[in-house]
Number of protein chains: 2
Amino acid sequence: MEREIFREFLYKKGLKLTKERQRILDEVFAFHGHFDPEGLLKSMRSRNIKVSKASIYRTLPLLVESGLVEQVEKNDKHAHYEHTFGHEHHDHLICLKCGAVIEVFSPKLEAIQDELCRESNFKGRTHTLEIKGYCCNCKETR
Amino acid sequence: MEREIFREFLYKKGLKLTKERQRILDEVFAFHGHFDPEGLLKSMRSRNIKVSKASIYRTLPLLVESGLVEQVEKNDKHAHYEHTFGHEHHDHLICLKCGAVIEVFSPKLEAIQDELCRESNFKGRTHTLEIKGYCCNCKETR
DNA sequence: ATGGGTGCAAATTGTTTGCAACTTA
DNA sequence: TAAGTTGCAAACAATTTGCACCCAT
């Protein structure tokens, strides 16, 4: 399914669905969770999937633009992504001590965001909410 | 006031309130809005305020840790900050077309975030909500 | 066949660091 | 005066790019 979406997206932009782009897409959707470009590369290399670092860096923005992938957690020095298609939207609680990422979702939150957009006459597309603090394991031991 | 807070913060950590740190603090609080390290440096240089790039990069994390400044808008390749002391907390609507940043605030939103933290037994410290989309001027013309 | 795409390695860019000289508490 | 701090320039790390060859359409 995500293949179709990506193919369509590329087609509309006059871009080509190359083997490499396919492979990257597949890899991104092969597992659930966050990833970064370097990790993606390593993961693919370890499975003998031929792809260059440059192609990964060139493909990720396309995946984001197509709406299949989102950039999240931009705190670290390198970019983190997660695929969103076929996933419920969710937000993140990030532990400042151990780095744990807890996914949360609240319909009320979504509703309020819509409200905020309406009030500002703003057409919301995507959003990111990150709450940083201490997870249940770390909050005692500070 | 922010000077006192910073001084106190540094004191507790056994750090010193140097001229450079003062100057950076003053500059950060001299105007309202977002900034990045490079811009801060240029702004200071243009007013003949003596400071090195290294000091800026070394001081900003201290300002963040002290709670006087927050890191926001982590989409771009470089870090963006804004001072928060003496400011209401707010979130951001970011226009994907013209780059406009609209500040919004909703008490309901804050309340729900607290609720989310409680549900996950998480001790929230700070949070960032960014909604990306199109502002009132750009949403028509797409 | 044509225009986009790839891999590589070199280039860029934002940020960090080692070090000698200097300040602050 | 002891411990932290500065500025500089060199070092880093993540990402981007130029180019010659390659491959979807």
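Keep in mind that what you see is a predicted model, and the values were worked out from it rather than measured.

## Some details on the sheet that holds strand 5 (residues 123–134) of chain A
Taken together, 6 strands build an open sheet; the order of strands is 4(A)-3(A)-5(A)-5(B)-3(B)-4(B) and the sheet is mixed. At either margin of the open sheet sits one strand with a lone partner, and together these are strand 4 (101–104) of chain A together with strand 4 (101–104) of chain B. Direction aside, the axes of adjacent strands within the sheet are offset by 20 degrees on average. Sheet topology note: the strand 5 of chain A/strand 5 (residues 123–134) of chain B ladder contains 11 bridges and is antiparallel. Looking across to strand 5 of chain B, one finds that T128(A) is bridged to E130(B). Across the sheet, helix 5 (residues 107–119) of chain A lies against strand 3 (91–95) and strand 5 of chain A together with strand 3 (91–95), strand 4 and strand 5 of chain B, angled at about 130 degrees from strand 5 of chain A, the strand it touches most. Where helix 5 (residues 107–119) of chain B meets the sheet, it contacts strand 3, strand 4 and strand 5 of chain A together with strand 3 and strand 5 of chain B, and its direction lies at approximately 130 degrees from that of strand 5 of chain B.

## Structural notes on the protein's contact with DNA strand D
Surveying the vicinity of DNA strand D reveals 22 residues, the closest of which are K19(A), Y57(A), R21(B), S52(B) and S55(B). Close to the protein, within 4 Å, the atoms of DNA strand D are drawn from sugar and phosphate at a rate of 70%. Between a sugar or linking oxygen of DNA strand D and a side-chain N or O atom of E20(B), the distance comes to 3.4 Å. At 2.3 Å from a phosphate oxygen of DNA strand D is found a side-chain nitrogen or oxygen belonging to S55(B). If you list the elements that add at least two residues to the surface near DNA strand D, you get helix 4 (53–65) of chain A together with helix 2 (19–30) and helix 4 (53–65) of chain B. With 4 residues, the single largest contributor to the surface near DNA strand D is helix 4 of chain A. Along the lines of polarity and charge, the residues of the surface near DNA strand D split into 8 nonpolar, 5 polar and 9 charged.

## Description of the pairing of strand 4 of chain A
In terms of strand pairing, strand 3 of chain A meets strand 4 of chain A through 4 bridges, oriented antiparallel. Note on strand 4 of chain A: the bridge partner recorded for D91(A) is V104(A).

## Quick notes on the domain arrangement of chain A
Residue and element names in this part refer to chain A. Annotation of chain A at the domain level lists domain 1 (2–83) and domain 2 (91–141). Its C-alpha centre places domain 1 at a distance of 24 Å from the equivalent point of domain 2. Contacts between domain 1 and domain 2 engage 8 residues on the former and 9 residues on the latter. Linking domain 1 with domain 2 are 0 salt bridges, by the criterion used here. In this structure, the connection of domain 1 to domain 2 is made through 1 residue pair in polar contact (both at pLDDT 80 or more). When grouped by side-chain class, the residues that make up the side of domain 1 that touches domain 2 number 1 nonpolar, 3 polar and 4 charged.

What counts, and at which threshold
- Residues numbered from 1 in each chain as written.
- Chains lettered and ligands numbered in written order.
- Predicted model: local features only at pLDDT ≥ 70, side-chain atom pairs only at ≥ 80, totals over all residues.
- Heavy atoms only, no water.
- Pairing = 2+ DSSP bridges.
- Helix = DSSP H or I, 4+ residues; strand = E, 2+ residues; numbered from the N terminus.
- Axes fitted to C-alpha atoms, helices over the stretch in contact; angles between N-to-C directions.
- Contact = heavy atoms within 4.5 Å.
- Near = heavy atom within 4 Å.
- Polar contact = N/O pair within 3.5 Å; in protein donor to acceptor, adjacent residues only side chain to side chain.
- Nonpolar A, V, L, I, M, F, W, Y, C, P; charged D, E, K, R; others polar.
- Domains from an automatic or database assignment.
- Salt bridge = Lys/Arg side-chain N within 4 Å of Asp/Glu carboxyl O.

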